[in-house]
Amino acid sequence: MLYHSTRSVDTKVDSAQAVLSGLAPDGGLYVPQQLPTIDVAACLQEDTMSMAARIIGAMLPDIENMDDLVRKAYTGKFQTEELTPTVDTGKFTVLELFRGPTSAFKDVALCMLPQLLTKAKTQKGMAEDILILTATSGDTGKAALAGFQDVAGVKICVFYPDGGVSKVQRAQMVTQEGSNVAVCAVKGNFDDAQTGVKNIFAAAENGCLPGGNCSRLSTANSINIGRLAPQITYYFKAYADLLKRGRITMGDKVNFCVPTGNFGDILAGWLAKKLGLPVGKLVCASNANNILTEFIRTGTYDRRRPLHKTISPSMDILVSSNLERLLFFMSGGDTALVAQLMGKLNREGVYTVPEEMKDAISQEFWAGFCDDAQASKTIEKVFKEQNYLCDTHTATGWAVAESYVAETGDHRPMVVLSTASPYKFPAAVLTALEGEQTLDEFAMMDRLQEKTGVPIPQNLSGLQEKKERHTGVIEKDKMLEFVMNL
Ligand SMILES: *Cc1c(COP(=O)(O)O)cnc(C)c1O
């Protein structure tokens, strides 16, 4: 199956090459020339790993031994064999995506990506090492480090903003073990770290670092189709769960509400629908950074605004990269139009899509947002009324799902995607339940466990005692130098 850029059809590559390259040469994102078909009914009968092999295999058919790769990626790494369990709360169904090795939903994709990448590398006969560079606002960094730890032929370097991540998130990263990993704080904010990474890519010659050190540069963020494909599976898994419990019968439509940042997670839901899963509305939930709400409602994407720091930091984002893929699909594959819109976004910081495209998008998606105060109230309310403890991102999704039902009267079953463990954001979660806190973040974890009876995930509980291995802090203009000295 061939992939090409969202911005032109000139260069076509197979799916293995698309995973290896990450980004298309013209700066666009890889999209399949034609979406595959799968046997949905058969898929829904399977266990999660077989489901994953079938779906990822359909999306990336040129990567061999998918069944094997899936089992290597996931076996023993998640709290449960079903990987992503669902919980019926009495109101919405919560799809728990945070039961993986770092308690973030990104584990689902970042456990799989190293398998896909190294297989593609072998198949293509690439001899050089791959160097993964990632700037993170918290969650991606740790999930990527854990995924790539001690993977042969791959090195990984993560940059995070000094003082810009939670104490728990910092501890997760700086204690990372492995012979092929590096982590460094950058004096600046997330954008500075991200720009620094982009500058390193720009300084590269033929995809390699300057100075003869030929490691092929790549990235672990969700522009890579190898990260998107594994996320389709859990939509099928959630649907299968509802079927098993008799909540729906085959063919009934189910709505999904997705706490959204880079638009990767929700786009995977749309792809699940295109593969034949009976999905109703995809509800896009944002925090105070409500640029996507505005876009889905008006057709205008306008990034000319300040970025707000919120209690759901993984969604604090102004440019949602994967939206470019949606524009491609929703324009019927009009690469010239996508190139033009992305050019406008770069130059002017704003674009408006044609009216028919806006209408096509609102057929499939509904959007809303919720501020910190409302998210905080939602954590408290859901715990009180449903006896379910959720994190700040999930609370955002829950609140927006409620607005959706209230405004549309659509009472089809609603699945709210839960993207992080509440223990990754103990300060905000405990404050929501008990008011202003003076405890240290680690003490808050214990307090939260005591109060709610929800156990602290194992990977987070021993963090405070673990040895700090990566304590470097550098100026933002020293990032290239840091990487060249690895
Ligand atoms: C990354 C992340 C999101 C946003 O997912 P996208 O695929 O970027 O839209 C939401 N919640 C949490 C906790 C995350 O880590």
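Within any chain, residue numbers begin from 1 and follow the written order of that chain's sequence. pLDDT decides what is reported in this predicted model: residues at 70 or higher carry local features, side-chain atom pairs at 80 or more are listed and counted, and totals for whole chains, interfaces and linings draw on all residues regardless. The side-chain figures draw on all heavy atoms in the structure; neither hydrogens nor water molecules are used.

### As for the overall build of the protein chain
Secondary structure assignment for the protein chain yields 21 helices and 16 strands. Its C-alpha atoms give the protein chain a radius of gyration of 21 Å, near enough to 23 Å, the size a compact globule of 486 residues would have. With the C-alpha coordinates of the protein chain rotated into their principal frame, the extents come out at 60 × 50 × 45 Å. Buried positions account for 59% of the 486 residues belonging to the protein chain. Only heavy atoms matter for contacts: two residues are in contact if any of them lie within 4.5 Å across the pair. Put simply, of all contacts in the protein chain between residues at least 6 apart along the chain, 74% involve residues at least 24 apart. Throughout, the Shrake-Rupley method with a 1.4 Å probe supplies accessible areas, and for residues the shown protein chains are the sole cover considered. When the accessible surface of the protein chain is split by element, carbon and sulfur atoms take 47% of a total near 18400 Å². Strands here mean DSSP runs of E at least two residues long; helices mean DSSP runs of H or I at least four residues long; both are numbered from the N terminus. Atoms counted for the radius of gyration: C-alpha only. Globule rule: 2.2 Å times residue count to the power 0.38. In this scheme, a residue with accessible area under 20% of its type's maximum is buried, one over 50% is exposed, and one in between is partly exposed, where area comes from a 1.4 Å probe on protein chains only.

### Focus: the packing of aromatic side chains
Each Phe, Tyr or Trp ring (for Trp, its six-membered ring) is paired with any other whose centre lies within 6.5 Å, and the angle between the two planes then decides the class: stacked below 30 degrees, edge-to-face above 60, tilted in between. In the structure shown here, the tally under the stated rule is 12 aromatic pairs. For the pair Y235 and F256, a centre-to-centre distance of 4.9 Å together with 70 degrees between the ring planes defines the contact as edge-to-face. With Y235 in helix α10 (residues 225-244) and F256 in strand β10 (residues 254-259), this residue pair connects regions lying 21 residues apart in the sequence. Each member of the pair, Y235 together with F256, is buried. With a centroid separation of 5.5 Å and 10 degrees between ring planes, the pair formed by Y301 and Y351 is classed as stacked. Here Y301 is found in strand β12 (residues 300-302), whereas its partner Y351 is found in strand β13 (residues 350-352), with 50 residues between them in sequence. Residue Y301 shares its accessibility class with Y351, and that shared class is buried. By way of ring pairs, the aromatic residues Y234, Y235 and F256 are connected into one cluster.

### A word on the site of the ligand
The full set close to the ligand counts 15 residues, and K106, G261, N262, D265 and T419 are the nearest of them. K106 is positioned with one of its side-chain polar atoms (N or O) 2.4 Å from an oxygen atom of the ligand. Here an oxygen atom of the ligand sits 2.8 Å away from a polar atom, N or O, in the main chain of G261. Against a free-state accessible area of 380 Å², the protein chains account for coverage of 96% of the ligand. All amino acids are sorted into three groups, where Ala, Val, Leu, Ile, Met, Phe, Trp, Tyr, Cys and Pro are nonpolar, Asp, Glu, Lys and Arg are charged, and the leftover types, Gly among them, are polar. Looking at the shell around the ligand, its residues break down into 5 nonpolar, 7 polar and 3 charged. Nearness here has a simple test: a residue counts as near a molecule or strand if at least one of its heavy atoms is within 4 Å of that partner. Under this definition, polar contacts are N or O atom pairs within 3.5 Å; protein pairs additionally need one hydrogen-donor-capable and one acceptor-capable atom, and for neighbouring residues in sequence, both atoms have to be side-chain atoms.

### Observations concerning helix α13 (residues 323-330)
Burial within α13 is extensive, with 8 of its 8 residues counted as buried. Along α13, the positions that sit buried rather than exposed are L323, E324, R325, L326, L327, F328, F329 and M330. Looking at the residues trailing α13, positive phi occurs at G332, about 70 degrees.

### Regarding the environment of G76
Mapped onto the elements of the fold, G76 is located in the loop between α4 (66-74) and β4 (86-88). In sequence terms G76 and G100 are 24 residues apart; their C-alpha atoms lie 9.5 Å from each other.

### Focus on the pattern of salt bridges
Pairing is possible between side chains of opposite charge, provided their charged atoms come close. Here, a salt bridge means any Lys or Arg side-chain nitrogen found within 4 Å of an Asp or Glu carboxyl oxygen. Here the structure, examined in full by the defined rule, presents 30 salt bridges. K167 is paired through a salt bridge with D440; the nearest N and O atoms lie 2.5 Å apart. Here D440 lies in the loop between α18 (426-434) and α19 (441-452) and K167 lies in helix α8 (residues 167-174), a separation of 273 residues in the sequence. On the basis of relative accessible area, D440 is assigned to the partly exposed category, the value being 30%.

### Observations regarding the sheet that holds β4
We call two strands paired when DSSP finds no fewer than two bridges between them. With respect to topology, 6 strands assemble into an open sheet ordered β4-β5-β15-β10-β11-β14, the strand pairing being mixed. Two strands bound the open sheet, and with one partner strand each, they are β4 and β14 (365-369). Strand-to-strand, the axes of this sheet are offset by a mean angle of 25 degrees, without reference to chain direction. Every axis in this analysis is a line fitted to C-alpha atoms, fitted for helices over the stretch in contact. Angles between the N-to-C directions lie between 0 and 180 degrees. With respect to the sheet, helix α11 (residues 264-274) is in contact with β10, β11 (279-286), β14 and β15 (414-418), its orientation differing from that of β11 by roughly 175 degrees.

### Looking at the nonpolar core
One finds L60, Y74, Y235, F236, Y351 and F365 to be the most contacted residues of the largest nonpolar core, which totals 110 residues. In terms of residue count, the dominant contributor to this core is α10 (11 residues). Dropping the residues within four chain positions of it, Y351 is found in contact with F295, G299, T300, Y301, L323, L327, L341, M342, K344 and L345. Note on terminology: a nonpolar core comprises buried Ala, Val, Leu, Ile, Met, Phe, Trp, Tyr and Cys residues joined through side-chain atoms within 4.5 Å. Residues F98, C257, L389 and A401 belong to the second largest nonpolar core, which totals 38 residues.

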